[in-house]
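As a plain string of letters, each chain reads:
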Amino acid sequence: MSTEKIQEHITNQQNPKFHMPEDVREKRENLLLNSERSTRVLTKTSHSQGRDQALRNTTGSPTEKWIEEHQGAKTLFNKFSKMNWPVDIHPLNKSLVKDNKWKKTDETQEKRRSFLQEFCKKYGGVSRHQSHLSNTVSRIYVEDKHKILYCEVPKAGCSNWKRILMVLNGLASSAYNISHDAVHYGKHLKKLDSFDLKGIYTRLNTYTKAVFVRDPMERLVSAFRDKFEHPNSYYHPVFGRAIIKKYRPNACEEALINGSGVKFKEFIHYLLDSHRPVGMDIHWEKVSKLCYPCLINYDFVGKFETLEEDANYFLQMIGAPKELKFPNFKDRHSSDERTNAQVVRQYLKDLTTTERQLIYDFYYLDYLMFNYTTPFL
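Residues numbered from 1 in each chain as written. Predicted model: local features only at pLDDT ≥ 70, side-chain atom pairs only at ≥ 80, totals over all residues. Heavy atoms only, no water.

### Here's the deal with the pairing of strand E1 (residues 140-143)
Within a regular beta strand, the side chains point alternately toward one face of the sheet and then the other, so they alternate between its two faces.
Working step 1: Judged by which residues are buried, E1 turns out to be covered on both faces: Ile140 and Val142 on one side and Tyr141 and Glu143 on the other are all buried.
Working step 2: Bridge count between E1 and strand E3 (residues 190-191): two bridges; the pairing is antiparallel. From the neighbouring strand, Tyr141 faces E3, where its bridge partner is Lys191. (Buried < 20%, exposed > 50% of the residue type's maximum accessible area, 1.4 Å probe, protein only. Helix = DSSP H or I, 4+ residues; strand = E, 2+ residues; numbered from the N terminus. Pairing = 2+ DSSP bridges.)

### Examining the confidence of the model for the protein chain
Working step 1: Scored by pLDDT, the protein chain has a mean of 79; 72% of the residues are at 70 or more.
Working step 2: The low-confidence segment residues 1-82 (pLDDT under 50) makes 182 contacts with residues lying over four places distant or belonging to another chain. (pLDDT = per-residue confidence, 0-100. Contact = heavy atoms within 4.5 Å.)

### Section: helix H16 (residues 341-348)
Working step 1: Along H16, the residues classified as buried are Val343, Val344, Tyr347 and Leu348. Here the buried residues of H16 occupy an arc of 135° about the axis, which is enough to place them on one side. Facing away from the buried side of H16 by over 90 degrees, the exposed positions are Gln342 and Arg345.
Working step 2: In this fold, the buried residues of H16 make contact with helix H10 (216-228), helix H13 (264-272) and helix H17 (353-362).
Working step 3: The backbone nitrogen of Gln342 has a side-chain oxygen 3.1 Å away, supplied by the residue at the start of H16, namely Asn340. (Arc of directions from axis to C-beta. Polar contact = N/O pair within 3.5 Å; in protein donor to acceptor, adjacent residues only side chain to side chain.)

### Let's talk about the sheet that holds E3
Working step 1: Here we have five strands laid out as an open sheet, ordered E3-E1-E2-E4-E5, and mixed in their pairing. Here the strands that pair on one side only, and so sit at the sheet edges, are E3 and strand E5 (300-303).
Working step 2: Where strand E2 (residues 148-151) lies against strand E4 (residues 208-213), four bridges are found, and the strand directions are parallel. Each residue of the ladder has a partner; that of Ile148, found in E4, is Thr208.

### Notes on unusual backbone geometry
Working step 1: Its identity as a non-glycine residue notwithstanding, Asn250 has a phi of 55°, on the positive side.
Working step 2: With respect to the element layout, Asn250 can be found in the loop between helix H11 (235-247) and helix H12 (253-258).
Working step 3: Taking relative accessible area as the criterion, Asn250 reaches 81% and is therefore assigned exposed.
Working step 4: One non-glycine residue, Tyr292, lies in positive phi territory at about 45°.
Working step 5: Tracing the backbone through its elements, the reader meets Tyr292 in the loop between helix H14 (287-290) and E5.
Working step 6: Assessed through its relative accessible area of 1%, Tyr292 is described here as buried.

### As for the packing of H10 against H16
Working step 1: Between H10 and H16, the least distance of the axes is 10 Å, while the angle of their chain directions is 70°. It follows that H10 is roughly perpendicular to H16 by the angle criterion. Seen from H10, the contacting residues are Met217, Glu218, Val221, Phe224 and Arg225; seen from H16, they are Ala341, Val343, Val344, Tyr347 and Leu348.
Working step 2: Across the contact of H10 with H16, the residue classes break down as eight nonpolar, no polar and two charged. (Axes fitted to C-alpha atoms, helices over the stretch in contact; angles between N-to-C directions. Parallel < 35°, antiparallel > 145°, perpendicular 65-115°, else oblique. Nonpolar A, V, L, I, M, F, W, Y, C, P; charged D, E, K, R; others polar.)

### A word on the packing of aromatic side chains
Working step 1: Scanning the model with the defined rule gives 29 aromatic pairs in all.
Working step 2: Look at Tyr235 and Phe239: their rings are 5.4 Å apart centre to centre, the planes differ by 20°, and that puts the pair in the stacked class. One end of the pair is Tyr235 and the other is Phe239, both in helix H11 and four residues apart, which spans about a single turn. One exposure class covers both Tyr235 and Phe239, and it is buried. (Phe/Tyr/Trp six-rings, centres within 6.5 Å; stacked < 30°, edge-to-face > 60°.)

### Here's the deal with the pattern of salt bridges
Working step 1: Here the structure, examined in full by the defined rule, presents 14 salt bridges.
Working step 2: For the salt bridge of Glu152 with Arg139, the shortest nitrogen-to-oxygen distance reads 2.4 Å. A residue pair is termed long-range when its members are at least 10 positions apart, and Glu152 in the loop between E2 and helix H7 (158-168) and Arg139 in the loop between helix H6 (133-136) and E1 qualify at 13 residues.
Working step 3: Note that Glu355 and Lys265 form a salt bridge whose closest N and O atoms lie 2.8 Å from each other. (Salt bridge = Lys/Arg side-chain N within 4 Å of Asp/Glu carboxyl O.)

### Looking at the environment of Arg241
Working step 1: Relative to the helices and strands, Arg241 is located in helix H11.
Working step 2: Exposure remark for Arg241: the relative accessible area of 39% places this residue in the partly exposed category.
Working step 3: Each C-alpha atom, one on Arg241 and one on Ser260, is 7.5 Å from the other, the two residues being 19 residues apart in sequence.
Working step 4: The residues contacting Arg241, other than those within four sequence positions of it, are His236, Leu256, Ile257, Asn258 and Gly259.

### A few points about the packing of H11 against H13
Angle between the axes and distance between the axes: these two values describe a pair of packed helices.
Working step 1: The interhelical angle for the contact between H11 and H13, taken along N-to-C directions, is 90°, at an axis separation of 10 Å. Here H11 lies roughly perpendicular to H13, going by the angle between them. For the pair formed by H11 and H13, the contact residues are Phe239, Ile243, Ile244 and Tyr247 on the first element and Glu266, Phe267, His269 and Tyr270 on the second.
Working step 2: Residues that form the contact of H11 with H13 fall into these classes: six nonpolar, one polar and one charged.

### Digging into the nonpolar core
Working step 1: Counting 68 residues, the largest nonpolar core has Leu192, Phe264, Phe267, Ile268, Tyr270, Leu271 and Trp284 as the members making the most contacts within it.
Working step 2: In contact with Leu271, not counting residues within four places along its chain, are Leu220, Arg276, Met280, Trp284, Phe362 and Tyr363. (Core = buried A, V, L, I, M, F, W, Y, C linked by side-chain atoms within 4.5 Å.)

### Comments concerning the state of the cysteines
Working step 1: For the structure shown, the criterion picks out two disulfides.
Working step 2: Covalent S-S linkage joins Cys120 and Cys294, the inter-sulfur distance amounting to 2.0 Å. For the disulfide bridge between Cys120 and Cys294, the dihedral angle about the S-S bond is near -80°, and by the sign convention the bridge is left-handed. Of this pair, Cys120 sits in helix H5 (residues 103-123) while Cys294 sits in the loop between H14 and E5, and the two are 174 residues apart along the sequence.
Working step 3: Paired by a disulfide, Cys151 and Cys291 hold their sulfur atoms 2.0 Å apart. Across the disulfide from Cys151 to Cys291, rotation about the S-S bond amounts to roughly -95°, and the bridge is consequently left-handed. In this pair, Cys151 sits in strand E2 while Cys291 sits in the loop between H14 and E5, placing the two residues 140 residues apart along the sequence.
Working step 4: A relative accessible area of 0% places Cys151 in the buried class.
Working step 5: By sequence-ordered numbering of the bonded cysteines, the protein chain has its disulfides arranged as 1-4, 2-3. (Disulfide = S-S within 2.5 Å.)

Next comes the structure, spelled out in structure tokens:
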């Protein structure tokens, strides 16, 4: 699809209004998206046209969401209003990388950084829209000793990354001895929004900033499997009950009480609903709204698909102890097959063509800015 066509498409859309929590609403962004990449346009089959049109009416325009939902972190604090966005990108310090085996990994990393930087230059002009600075950096963890900022993307290796940060911080001797609860509920790690304005600004401009991402469709399915296909004392009563109540006709009383047994199709209806009965969650929120990659120019872009290789290269680059290696174990539900492309296809097969297209539309920015291949829908 040509740039002109996408520009026309964006311009002609109506501005949807989304029901979301206040903290998410405050992080609304403003990216005008023009893409020169060809984008698959899928057509509806006649038998599903009526149902799909109703879903489109409920969901609103995805392209207007792109305009509305990506950028905008000018601080509300007047004395900090001169902060330069986006935060500068720095050449990676590779002086500690001695092994030639990382040459290919380094080349891949430079391509990812360059691609994201060029994408943001072209399409991500910074808006004057005001937002709390603390929202923009709320997912970023700080490791002061090695001067690292790591933006947490759930379902993209974040549990093991937090283990690594704890070891680097001197809070544990091995990443393999740290439990899931200690990682996520121990409050051992500092977040960037816990510092004052000077502390935030200084770290953003002097520390090595890293983000690790994952194919959006795989990440979505992984989140669903983790939160809804296993007992969960939070997601079932909070999200499950609300989803079943709104999207399951004639739901039984037990399901309405305990919220267990949410089906993937019901979960997708919730995700695409412009009036969700319960707000968004970080496990399926877009990376573009968790880490603001066109405002915070990340020095290192890792991918779940090459997680161990990327992570171990990064550790060597920042001068981590030689014996520290990125753990490769599955944090929870270790007996389950890892979510991969084949598993994703099994979940998508029960959705209509339009539902699958709308999921892609929902994560469109993530697909584009991290150069993920358009899924076969």
